[in-house]
Amino acid sequence: MHDAVSPLLLTNARLIDPASGHEQTGSLLLADGLIQALGPEAGEGAGGATVLDCAGKLVAPGLIDMQAFCGEPGAEYRETLKTASAAAAAGGVTTIICAPNTTPPIDDPAIVDFVLRRARDGASVRVHPAAALTKGLDGREMTEIGLLREAGAVAFSDGPHAITNAQVMRRLMMYARMFDALIMHHVQDPDLVGEGVMNEGEFASRLGLKGVPREAETVMLERDMRLVRLTGARYHAQIVSCADSIAIIRQAKADGLPVTAGTSINHLTLNENDVGAYRTFCRLSPPLRLEDDRMALVEAVADGTVDVIVSDHNPQDVETKRLTFTEAADGAIGLETMLSAGLRLVHAGQVSLARLLDAMSSRPAALLGLAGGRLAVGAPADLAVIDPDEPWVVDRYQLHSRSKNSPFDEARLTGRVTATIVAGRIVYEYR
Amino acid sequence: MSTEKPSPSKLFAFPHPHLLGIDGLSRPTIESLLDLAEEEVAISRQVEKKKSSLRGRTQINLFFEPSTRTQASFELAGKRLGADVMNMAVGNSSTKKGETLIDTAMTLNAMRPDIIVVRHHAAGAVHLLARKVDCAVINAGDGAHEHPTQALLDALTIRRNKGRIEGLVVAICGDILHSRVARSNMICLANLGARVRLVGPPTLLPPGIEGLGFETFTDMRAGLKDADIVMMLRLQRERMSGAFIPSQKEYYRYYGLDAEKLALARPDALVMHPGPMNRGVEISSEVADGAQSLIREQVEMGVAVRMAVLEALARRLPNH
């Protein structure tokens, strides 16, 4: 990724900078891994540069996915950094924050180093690990937050596990604050989740499945808000799934707490009815909720209460999904379809294009302290070229991930990434 | 024989390839199945209890969960129709239960059965299996989801004793949350025009069930008032140790059906139970064995209804 690349000139592009919302038509000159010039005159004096004619398509900062499980180490049969990055590149994602719940977990600086080396050798996009909050993800002893940061961890999370012990969480927040480290939390009380496998309510009762109440999320979230108030730690709720949680986040922000929230592309574009007749690809944690909750999430993304959209990419192989709904594993792949699915909200007029791209690039960059997520001179040359109107039908067997558990299989989507550039180098081209 | 006029149920064509649940069956379909079952009752009461509608057919009873009565009922039903019946009890000790399910389904499918009767501990398991095999599949109970033949036999029992189902008040009482019998029954009876009430402690009522249009009662006395049918459910012993209810004693006090509580229902109310009963937990022996009890008749209707379902599905099989 870092060896010399000849300069690249993108012409006839609709340039959109999500952070500022500024949009212009023109060219973009990339060299030495950075954006050197942009605008109507950027092409002048760019002789010798390779030209990529964008033919009026969108050029936006490459997406930054704050939550994706990439398989390494320990679950290479589900995904590798190489296959995950291929899926990411095909979805316009130029930076992956890989989840810490690997085997062994990313709870030691040596494992951060391992992941970064594996990514350097095999991944076509940038990879930054999120490290564990507690050793062995067991929710008891804190990890070496300082050393993990020095090794390259950009955020701290116990992946799909919640810290149930409030004293442990309080101390983690106090300690993490010293480093201004970002704590990302899976806000689900495991006792209230119990044996639940989908949203609690009428539909679960009809299917004879055990439900997960919204309170599994809101009880944990409200506790965390109290602890943030107490400690002042930078806190990010990984995925909120229901309207009640949005009210809690909105209030915390109004009170000036350093709190942000994310949601997954699945929760934004699907609801519990997609479970249908026990479709295990729609078994997620937190579960898909009601349409009212989904609409509230869309609105909260549009107004910025929910800051970030993640893919929550969670590859599962056939043997963990081709089971009864109760016995199947949680999770769906999403790196490759996140943007296209998100464009549904743009086409429906519910979220502006700039805000959608902001939630998938600029906001994550700001929270994680990364240089990407901007279209500006001096910013990294990480870009997605997007045709927002190209219709296509998802075929899970055509997706690049090693696992095929896509809830969008056979979905009709409008808009797709036609090229992805990382550090000035084209890593993906459609057709 | 040839001069005999065909009965209406001879002309009945079941519109589904499988019987996976009551949900999705139309009222005429349910009523036609019950009509057909009436004929099977007559057959079952003859000395010669044999028909030939399933002659040459292979029926496999695949039970992932132990069952004595349902399996025996399906076995007898198949044999009375002339099928070759094989019982398979599959242990569920391994952790990869689902894998066993699909592997077993594929293996059995290769043996070319005509009908598979399945019971499994997970909701939706029978749907999953039905997608993997070529033959007709009957759900004999999947987790807390459905147990359609139980609902049909209950409907038949009620219809025979009350002459109708439309307009009756049916109180289903007990552990509704974990009960597939309750789920199938409430859908079936509501479809046939009964007023269905669900009675149980709040911890054993399914969340959101009011949204499906059923009246719920946590006070059993109020729930039984003016009921025509009192349908009791079995309470699993593992639910009684504090997680859902504090004790067997307290449960029996508030939700056990005894003569005193039954007196709150209509004087001609009838009592049902899918079995096996926990006497002294959800029902007193006095009531279970009393004049208002239909519990033994339910068992007889079970065989007849299963014969009707087997025959209805067999009519759809190729080369008939």
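Residues numbered from 1 in each chain as written. Chains lettered and ligands numbered in written order. Predicted model: local features only at pLDDT ≥ 70, side-chain atom pairs only at ≥ 80, totals over all residues. Heavy atoms only, no water.

### Quick look at the overall build of chain A
Of regular secondary structure, chain A possesses 13 helices and 18 strands. Whereas a compact globule of 431 residues would reach a radius of gyration of roughly 22 Å, chain A reaches 21 Å, a difference of no more than 12%. Residues classed as buried in chain A amount to 62% of the 431 residues present. At a minimum sequence separation of 6, the contacts of chain A that also span at least 24 residues come to 74%. As displayed, chain A has an accessible area near 15600 Å², and 48% of this comes from carbon and sulfur atoms. (Helix = DSSP H or I, 4+ residues; strand = E, 2+ residues; numbered from the N terminus. Rg over C-alpha atoms; globule rule 2.2 N^0.38 Å. Buried < 20%, exposed > 50% of the residue type's maximum accessible area, 1.4 Å probe, protein only. Contact = heavy atoms within 4.5 Å. Areas by Shrake-Rupley, 256 points an atom, 1.4 Å probe, with all protein chains shown as cover.)

### Observations regarding the interface of chain B and chain A
Counting residues at the interface gives 27 residues for chain B, matched by 17 residues for chain A. When the two sides are added together, the surface that chain B and chain A hide from each other amounts to roughly 1700 Å², 57% of it contributed by carbon and sulfur. A per-residue breakdown of the area chain B buries against chain A is headed by Ala123(B), Pro207(B) and Leu212(B), which together make up 27% of the total. Here chain B is connected to chain A by 1 salt bridge. One salt bridge in this structure joins Arg206(A) and Asp23(B), with 2.8 Å as the shortest N-O distance. Remark: the boundary between chain B and chain A carries 4 residue pairs in polar contact (both at pLDDT 80 or more). (Buried area = accessible area lost by both parts, 1.4 Å probe. Salt bridge = Lys/Arg side-chain N within 4 Å of Asp/Glu carboxyl O. Polar contact = N/O pair within 3.5 Å; in protein donor to acceptor, adjacent residues only side chain to side chain.)

### As for the packing of aromatic side chains
Taken as a whole, this structure holds 3 aromatic pairs over all chains when the rule is applied. Plain terms: the ring middles of Phe12(B) and Phe14(B) are 6.3 Å apart, the flat faces sit at 80 degrees to each other, and that makes the pair edge-to-face. Grouping residues by exposure puts Phe12(B) and Phe14(B) together as buried. Taking the ring centre of Trp392(A) as reference, the NZ or CZ of Arg416(A) above it sits at 4.2 Å. Over the ring of Tyr430(A) we find Arg416(A); its NZ or CZ atom is 3.7 Å from the centre of that ring. (Phe/Tyr/Trp six-rings, centres within 6.5 Å; stacked < 30°, edge-to-face > 60°. Lys NZ or Arg CZ within 6 Å of the ring centre and 35° of its normal.)

### Overview of the pattern of salt bridges
By the definition in use, this model includes 40 salt bridges over all chains. A network of salt bridges, in which partner residues are shared, links Asp35(B), Glu38(B), Arg159(B), Arg160(B) and Glu297(B).

### Observations regarding the packing of helix H5 (residues 148–162) of chain B against helix H6 (residues 180–191) of chain B
All names here are of chain B. For the pair H5 and H6, the least separation of the axes is 8 Å and the interaxial angle reads 50 degrees. On the basis of the axis angle, H5 is oblique to H6. As H5 runs across H6, the sense of the crossing is right-handed. For the pair H5 and H6, contact is made by Pro148, Gln150, Ala151, Asp154, Ala155 and Ile158 and by Val181, Ser184, Asn185, Cys188 and Leu189, respectively. Of the residues belonging to the contact of H5 with H6, the class tally is 7 nonpolar, 3 polar and 1 charged. (Axes fitted to C-alpha atoms, helices over the stretch in contact; angles between N-to-C directions. Parallel < 35°, antiparallel > 145°, perpendicular 65-115°, else oblique. Left-handed = near helix turned anticlockwise from the far one by under 90°. Nonpolar A, V, L, I, M, F, W, Y, C, P; charged D, E, K, R; others polar.)

### Some words on the sheet that holds strand E9 (residues 270–272) of chain B
Residue and element names in this part refer to chain B. With respect to topology, 5 strands assemble into an open sheet ordered E7-E6-E5-E8-E9, the strand pairing being parallel. Looking at strand neighbours, the two that pair on one side only are strand E7 (215–217) and E9, the edges of this open sheet. If you compare each strand with its neighbour and ignore which way they point, the axes differ by 20 degrees on average. The pairing of strand E5 (residues 169–173) with strand E8 (residues 229–232) spans 4 bridges and is classified as parallel. (Pairing = 2+ DSSP bridges.)

### Describing the side chain of Glu79(A)
All names here are of chain A. Within the secondary structure layout, Glu79 lies in the loop between strand E6 (63–68) and helix H1 (81–90). There is no salt bridge for the buried Glu79, and the closest opposite charge comes from Arg402, which lies 5.8 Å off by N-O distance. There is a polar contact of 2.7 Å between the side chain of Glu79 and the side chain of Thr83. Looking at Glu79, its side chain comes within polar contact range of the main-chain nitrogen of Arg402, at 2.8 Å. Not counting chain neighbours up to four residues away, the residues in contact with Glu79 comprise Phe69, Cys70, Gly71, Glu72, Ala84, His313, Pro315, Ser401 and Arg402. (Lys, Arg positive; Asp, Glu negative; His and termini not counted.)

### Re helix H4 (residues 166–178) of chain A
Residue and element names in this part refer to chain A. Along its 13 residues, H4 runs 19 Å from first to last C-alpha, staying within 8% of the 18 Å computed at 1.5 Å per residue. Of the residues making up H4, those classed as buried are Val168, Met169, Leu172, Met173 and Ala176. Angular distribution of buried residues about the axis of H4 spans 135 degrees; they occupy a single face of the element. H4 presents Arg177 and Met178 as exposed residues on the side facing more than 90 degrees away from its buried surface. The backbone nitrogen of Gln167 has a side-chain oxygen 2.9 Å away, supplied by the residue at the start of H4, namely Asn165. (Expected span 1.5 Å × (residues − 1). Arc of directions from axis to C-beta.)

### Brief notes about the pairing of strand E14 (residues 259–264) of chain A
Residue and element names in this part refer to chain A. Of all 6 residues making up E14, 6 are buried, and the element is well covered by its neighbours. Of the two faces of E14, the one holding Val259, Ala261 and Thr263 and the one holding Thr260, Gly262 and Ser264 are both buried throughout. Sheet analysis places strand E13 (residues 234–237) next to E14, joined by 3 bridges and oriented parallel. Across the sheet, the residue bridging to His236 is Thr260, located in E14. Taken together, E13, helix H8 (residues 243–254) and E14 constitute a β-α-β crossover, and its handedness is right-handed. Alignment of E14 against strand E15 (residues 308–310), held across 3 bridges, turns out to be parallel. Paired with Gly262 across the strands is Val308, a residue of E15. (Right-handed = clockwise from strand over helix to strand, strands pointing away.)

### Some words on the side chain of Arg119(B)
Residues and elements named next belong to chain B. Topologically, Arg119 is positioned in strand E3 (residues 115–120). No salt bridge is formed by the buried Arg119; the nearest opposite charge belongs to Glu65, separated by 4.3 Å. Side-chain polar atoms of Arg119 contact the side chain of Thr70, separated by 3.2 Å. Among the polar contacts made by the side chain of Arg119, one reaches the side chain of His147 at a distance of 3.2 Å. Setting aside residues no more than four positions away along its own chain, Arg119 makes contact with Leu62, Phe63, Phe64, Glu65, Pro66, Ser67, Thr70, Ala140, Gly141, His147 and Arg180.

### A few points about the packing of helix H1 (residues 27–44) of chain B against H5(B)
All names here are of chain B. As a packed pair, H1 and H5 sit with axes 10 Å apart at the nearest point and diverge in direction by 75 degrees. It follows that H1 is roughly perpendicular to H5 by the angle criterion. Between H1 and H5, the contacting residues are Ile30, Glu31, Leu33, Leu34, Asp35, Ala37, Glu38 and Val41 on the first element and Leu152, Ala155, Leu156, Arg159 and Arg160 on the second. The class makeup of the residues in the contact of H1 with H5 is 8 nonpolar, no polar and 5 charged.

### Examining the pairing of strand E2 (residues 22–31) of chain A
Residue and element names in this part refer to chain A. The sheet contact formed by strand E1 (residues 8–17) and E2 spans 8 bridges and is antiparallel. Residue Ala13 lies in a different strand from E2, and its bridge partner there is Gly26. Remark: 4 residues form the turn of the hairpin made by E1 and E2, two consecutive strands paired antiparallel; Gly21 in that turn has positive phi of roughly 75 degrees. Where E2 and strand E3 (residues 34–39) come together, 5 bridges link them in antiparallel fashion. Bridge assignment links Ala31 to a residue of E3, and that residue is Leu34. Linking E2 to E3, which pair antiparallel, is a turn of 2 residues; within it Asp32 sits at a positive phi near 55 degrees.

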